[in-house]
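Summary of the model geometry
One letter stands for each residue in the lines below.
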Amino acid sequence: VGYNLCGLGDTGLDCWNWLGDYNRPAYRPTNLPQADDFDVTSIGACGIKDRTLACWGETNFWPAQDSPTRSLPLLQPRVIAINHATLCVGGDDGLYCRHRSTSTELAESQPKGLKGISALAMSSNNACALHNAGVTCWGSNQYGVSDVPALQNPRRIALGDYHACALDDTGVVCWGEKLPQPE
């Protein structure tokens, strides 16, 4: 996303194209050379390994008030999603979100009691979690993103600023802003 591109392979987490220089070689974030999951924004990236969170990027990016790495309150964090102001980590034992600016809606409206979180997706104003009971979305509901329709065995989720989609047994199901269909 933006100027950042990271990939997770057998040898660890590598990132490229920092500050738009396509010819720069890949680098490995020194505070998290291995990762279980990671997410990238236009100004930085964060990853998790076991119960450790690490972020890198521009000076004002995560963790603005933390040390470069920190321990997470979840016992088994599995997935992470970030945007410019909010960070969420999910796992078998729940969801942990926090904010770093005056934009507090996603962190403060995070749902309670979700278990078995296997995927997270985040946009500027919304977040969705795929968990053992289905899909839950929260945040601004201006475009209907939080109104998750009935899904049959959802397996993947994706989120844009105006809509969300899930892959389930019926195919791809999307909800939120009704956008014109491509011809």
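The sections below set out a description of the structure shown in this document.

What counts, and at which threshold
Residues numbered from 1 in each chain as written. Predicted model: local features only at pLDDT ≥ 70, side-chain atom pairs only at ≥ 80, totals over all residues. Heavy atoms only, no water. Phe/Tyr/Trp six-rings, centres within 6.5 Å; stacked < 30°, edge-to-face > 60°. Helix = DSSP H or I, 4+ residues; strand = E, 2+ residues; numbered from the N terminus. Buried < 20%, exposed > 50% of the residue type's maximum accessible area, 1.4 Å probe, protein only. Polar contact = N/O pair within 3.5 Å; in protein donor to acceptor, adjacent residues only side chain to side chain. Contact = heavy atoms within 4.5 Å. Pairing = 2+ DSSP bridges. Axes fitted to C-alpha atoms, helices over the stretch in contact; angles between N-to-C directions. Disulfide = S-S within 2.5 Å. 1 Å grid on protein atoms, 1.4 Å probe; cavity = no way out; pocket = protein on both sides within 12 Å on 5 of 7 lines; lining within 4 Å. Points joined across faces, edges and corners; volume = space filled by probe spheres on them. Nonpolar A, V, L, I, M, F, W, Y, C, P; charged D, E, K, R; others polar.

What follows concerns the packing of aromatic side chains. Enumeration according to the criterion identifies one aromatic pair in this entry. With 4.7 Å between their ring centres and 90° between their planes, Tyr143 and Tyr162 make a pair best called edge-to-face. Taken together, the residues span a long stretch of sequence, with Tyr143 in the loop between strand S12 (134-139) and strand S13 (156-159) and Tyr162 in the loop between S13 and strand S14 (163-168) at a distance of 19 residues. With relative accessibility at 27%, the residue Tyr143 sits in the partly exposed group.

Looking at the secondary structure, you find His131 in strand S11 (residues 126-131). Taking relative accessible area as the criterion, His131 reaches 10% and is therefore assigned buried. At a separation of 2.7 Å, a polar atom in the side chain of His131 contacts the side chain of Thr136. Those residues in contact with His131 that sit more than four places away from it in its chain are Leu114, Lys115, Gly116, Ile117 and Thr136.

The subject of this paragraph is the sheet that holds S12. Here three strands make up an open sheet; going across it, the order is S10-S11-S12 and the pairing antiparallel. Both outer strands of the open sheet, strand S10 (119-122) and S12, are each paired with one neighbouring strand and no more. Averaged over all pairs of adjacent strands, the angle between strand axes in this sheet comes to 15°, irrespective of strand direction.

This paragraph deals with the state of the cysteines. Counted by the stated rule, this structure contains three disulfides. Across the disulfide, Cys128 is cross-linked to Cys137 (sulfur-sulfur distance 2.1 Å). Here Cys128 and Cys137 share a disulfide; its torsion about the S-S bond, 105°, makes the bridge right-handed. With a relative accessible area of 1%, Cys128 lands in the buried category. Covalently, Cys165 is tied to Cys174 through a disulfide, its sulfur atoms 2.0 Å apart. Across the S-S bond of Cys165 and Cys174 the torsion is about 105°, and the bridge reads as right-handed. Given the relative accessible area of 17%, Cys165 is considered buried. In this structure Cys174 comes out as partly exposed when scored by relative accessible area, which is 43%.

Pairing is antiparallel across the open sheet formed by three strands, whose spatial order is S7-S8-S9. Since the sheet does not close on itself, it has two edges, and those belong to strand S7 (77-82) and strand S9 (94-99), each with one partner. Across this sheet, the average inter-strand angle for adjacent strands is 15°, counted without regard to direction.

Another point: unusual backbone geometry. In this structure, Asp50 is a non-glycine residue whose phi angle is positive, near 55°. Following the sequence through the fold, Asp50 ends up in the loop between strand S4 (44-49) and strand S5 (52-57). Backbone geometry places Asn153, a non-glycine residue, at a positive phi of 55°. With respect to the helices and strands, Asn153 occurs in the loop between S12 and S13.

Quantified by volume, the largest pocket comes out at close to 220 Å³. In this structure, the largest pocket is lined by 16 residues; those nearest its centre are Ile82, Asn83, Met122, Ser123 and Ser124. Counting residues per element, the ones that place at least two in the lining of the largest pocket are strand S3 (37-40), S7, S10 and S13. Along the lines of polarity and charge, the residues of the lining of the largest pocket split into nine nonpolar, five polar and two charged.

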